[in-house]
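Topology and contacts: notes
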Amino acid sequence: MFSFLRSGRNPAPEQIHISSLPPSIPTDQEPEQAEGQADDVVEEKGVIQTTYTHRVHSTPSVFLQNHSDEPVSSTYFDEKVPVPEEDDERWISLRKLWAFTGPGFLMSIAYLDPGNIESDLQSGAKAGFKLLWVLLGATIVGLLLQRLAARLGVVTGMHLAEVCNRQYHTVRYVPRIILWLMVELAIIGSDMQEVIGCAIAFNLLSSGRIPLWGGVLITITDTFVFLFLDKYGLRKLEAFFGFLITIMGITFGYEYVTVGPDQGQLLKGMFVPYCEGCGPVQLGQAVGIVGAVIMPHNIYLHSALVKSREVDQSNKKEVKEANKYFFIESTIALFVSFLINVFVVAVFAEAFYQRTNEEVFNVCNQTGSPHLDLFPLNNETLKVDIYKGGVVLGCFFGPAALYIWAVGILAAGQSSTMTGTYSGQFVMEGFLNLRWSRFARVLLTRSLAITPTLLVAIFQDVQHLTGMNDFLNVLQSMQLPFALIPILTFTSLPSLMNEFANGLVFKIGGGVVILIVCAINIYFVVVYVSTLGSVWLYVLSAFLSIAYLVFVGYLVGNSRLHGSCSWQGLTLFY
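Here is what the cut-offs are and how they apply
Residues numbered from 1 in each chain as written. Predicted model: local features only at pLDDT ≥ 70, side-chain atom pairs only at ≥ 80, totals over all residues. Heavy atoms only, no water. Patch = residues over 30% accessible without salt bridge, like charges linked within 9 Å, V, L, I, M, F, W, Y side chains within 5 Å. Areas by Shrake-Rupley, 256 points an atom, 1.4 Å probe, with all protein chains shown as cover. Salt bridge = Lys/Arg side-chain N within 4 Å of Asp/Glu carboxyl O. Helix = DSSP H or I, 4+ residues; strand = E, 2+ residues; numbered from the N terminus. pLDDT = per-residue confidence, 0-100. Contact = heavy atoms within 4.5 Å. Axes fitted to C-alpha atoms, helices over the stretch in contact; angles between N-to-C directions. Parallel < 35°, antiparallel > 145°, perpendicular 65-115°, else oblique. Left-handed = near helix turned anticlockwise from the far one by under 90°. Nonpolar A, V, L, I, M, F, W, Y, C, P; charged D, E, K, R; others polar. Phe/Tyr/Trp six-rings, centres within 6.5 Å; stacked < 30°, edge-to-face > 60°. Buried < 20%, exposed > 50% of the residue type's maximum accessible area, 1.4 Å probe, protein only. 1 Å grid on protein atoms, 1.4 Å probe; cavity = no way out; pocket = protein on both sides within 12 Å on 5 of 7 lines; lining within 4 Å. Points joined across faces, edges and corners; volume = space filled by probe spheres on them. Disulfide = S-S within 2.5 Å. Core = buried A, V, L, I, M, F, W, Y, C linked by side-chain atoms within 4.5 Å.

Turning our attention to a nonpolar patch on the surface. Among the surface-exposed residues, Trp213, Leu217, Ile220, Leu455, Ile458 and Phe459 lie close enough to one another that they form a single nonpolar patch of about 590 Å² accessible area. Elements supplying a minimum of two residues to the nonpolar patch: α7 (212–218) and α17 (438–459). Broken down by element, the residue count for the nonpolar patch peaks at three residues, all from α17. Here Trp213 shows up in helix α7.

Structure follows, in structure tokens:
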């Protein structure tokens, strides 16, 4: 299955390093002769192959070129952040780290969206501190996958969607279109979670005066806010989203300090990979944590965001340095997001684990809460979501806890706007060579996200609205192989990544991750479909599952082709 494990067996012919020009540069242009370089140009079946000899020990970089006559559209930022040059040989320079800071924090927003927050609070309410080690493991796996995405963008100068465009080109572009549609589904799902989170936050902050459907409509305005900020430059945009992350840290940190979780139980749950007394409910929640944390479109996003820094791909030292600093920055960013997630899990683990609906009803009744209808008078275990979570915090710890919780949810929802917008733009341009304005792109994604959410908000209650988050987490987990297989395949190819290709540990680890993700998806489908209670839906789900597995098999099979490097054309890239 994991044929990319064999990609490292191709010997490097002499000391040849082949790189590729940006897609906008014609491949039939004669490169200039440089002193100390030997150029061999071989034309075969209309394909031009060019070889440069550099003083590096690497394997050739092989890349399919687009065989259509239309130019390949590529996303480049209007501005690129310069990286300061320093003469000293320190292992780390704070000035350079600051220059590379930004993409990792923008990427980390996907780890803090309303879907993740809901997964966190449900984990705490259902399993206490016992699943913190799952959250830690999922975040570490996410960091390693983001490392691969950043390395692909830095080494090749192209993001993942652009690479897929050049590789999955057979059968009249059908695989490429299907792959694009799968990623778009994940993006729309993420945007729906942002809409849901913001609508609930507005409802809580207004004490119910703003109905849920009104909150959904208000989220249209953040589209224009985003476009307004985007005009002021990349660094200001990065600073704004850093500010939103800070708000989440302060608000959820306040809840953490207010509740005062047991630190011993917290550390035990984080570093002891065991769940004592756990059953199917806790197992399902553990699976949900993995599905919520690792998002497919975020891998495409990060591989593109790193292109916002000035890095010369022909300079081995600069590429190596960029890889190092982007990894350090991503580590810091995901550590911050992990702490915020831990705050949420710990709050609900300490305050609401194993509490019954009747207990919560009695407390809320004493405080005069207007939301008593959310808690039936029975001894069933409390079930919470991001809406009920704010209500119970208000009942147990005062109105300030409710409003601060709502502000944190609002910041989480607003920040994920960026993830959907940029991801959608990158994958559309990369897969389809279709370049839209950001205004049109945001309008399309937000319209597709708002329409079903608005219908549920108008005709159903808040339980149905927050219940959509569970479905959306399942949906995004189902799309994971469509990001994992390409990124692991391409970053494992010495012919593409040269000396920056994955080592054996990463290849084996990547294969294990794919197996685990596919097993999680099968579990998700079985559990979710079993609750539908309709024979026709069972049959439809079976057909869709077969089609899904066939396409995943196609991507895995294509990695076999890439691993053998049996490609037809080469292009050059500086």
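Time to look at the confidence of the model for the protein. Of the residues in the protein, 78% have a pLDDT of 70 or more, and the chain-wide mean is 78. In this model residues 6–76 is a low-confidence stretch, pLDDT under 50, and it forms 161 contacts with partners more than four residues away in sequence or in other chains. Within the model, the stretch residues 563–574 combines pLDDT values under 50 with 54 contacts to residues more than four positions away or in other chains.

For the pair helix α11 (residues 280–293) and helix α21 (residues 504–530), interaxial distance at closest approach is 10 Å and the crossing angle is 125°. In terms of orientation, α11 and α21 fall into the oblique class. Relative to α21, the crossing made by α11 is left-handed. Contacts from Pro280, Leu283, Gly284, Val287, Gly288 and Val290 of α11 reach α21 at Ile520, Tyr523 and Phe524. Tallied by class, the residues present in the contact of α11 with α21 amount to seven nonpolar, two polar and no charged.

What follows is about the packing of aromatic side chains. In this description, a pair of aromatic rings is defined by centroid distance and the angle of the planes. Taken as a whole and judged by the stated rule, the model has 12 aromatic pairs. With centroids separated by 5.8 Å and ring planes inclined at 50°, the aromatic side chains of Tyr300 and Phe431 adopt a geometry described as tilted. Linking Tyr300 in helix α12 (residues 296–305) with Phe431 in helix α16 (residues 399–432), this pair joins segments that are 131 residues apart in sequence. Classification of Tyr300 as buried rests on a relative accessible area of 1%. With a relative accessible area of 0%, Phe431 lands in the buried category. Centre to centre, the rings of Phe348 and Phe352 are 5.4 Å apart; their planes meet at 45°, and the pair counts as tilted. Residue Phe348 and its partner Phe352 are located together in helix α13 (residues 316–352), separated by four residues, close to a single helical turn. The class for Phe352 is buried, based on a relative accessible area of 0%. One aromatic cluster in this structure is built from Phe252, Phe348, Phe352, Phe396, Phe397 and Trp405.

What follows covers the layout of surface pockets. Its volume calculated, the second largest pocket comes out at about 620 Å³. Lining the second largest pocket are 21 residues, and of these Leu475, Met478, Val525, Ser541 and Leu544 sit closest to its centre. Elements represented by at least two residues in the lining of the second largest pocket include exactly α6 (174–205), α18 (462–478), α21 and α22 (535–564). Considering each element in turn, the lining of the second largest pocket owes the most residues, eight residues, to α22. Here the residues of the lining of the second largest pocket are counted per class, giving 18 nonpolar, three polar and no charged.

Turning our attention to the state of the cysteines. Counting across every chain of the model gives two disulfides. Between the sulfur atoms of Cys275 and its disulfide mate Cys278 the distance is 1.5 Å. One disulfide, between Cys275 and Cys278, carries an S-S torsion of -55° and so falls in the left-handed class. Judged by relative accessible area, Cys275 falls into the buried class, the value being 18%. Here Cys364 engages in a disulfide with Cys395; their sulfurs sit 2.1 Å apart. Taking the torsion about the sulfur-sulfur bond, which here is approximately 110°, the covalent link between Cys364 and Cys395 counts as right-handed. With Cys364 in helix α14 (residues 357–366) and Cys395 in helix α15 (residues 386–397), this pair connects stretches of sequence that are 31 residues apart. Using a relative accessible area of 5% as the deciding quantity, one classes Cys395 as buried. Taken in sequence order, the bonded cysteines of the protein link in the pattern 1-2, 3-4.

The subject of this paragraph is the nonpolar core. Tyr300, Phe348 and Trp405 are the most contacted members of the largest nonpolar core, which has 152 residues in total. Residue contributions to this core peak at 18 residues, all from α13. Beyond its immediate chain neighbours, meaning those up to four positions away, Tyr300 contacts His159, Leu160, Ala161, Cys164, Leu179, Val183, Val427, Phe431, Phe482, Ala483 and Pro486.

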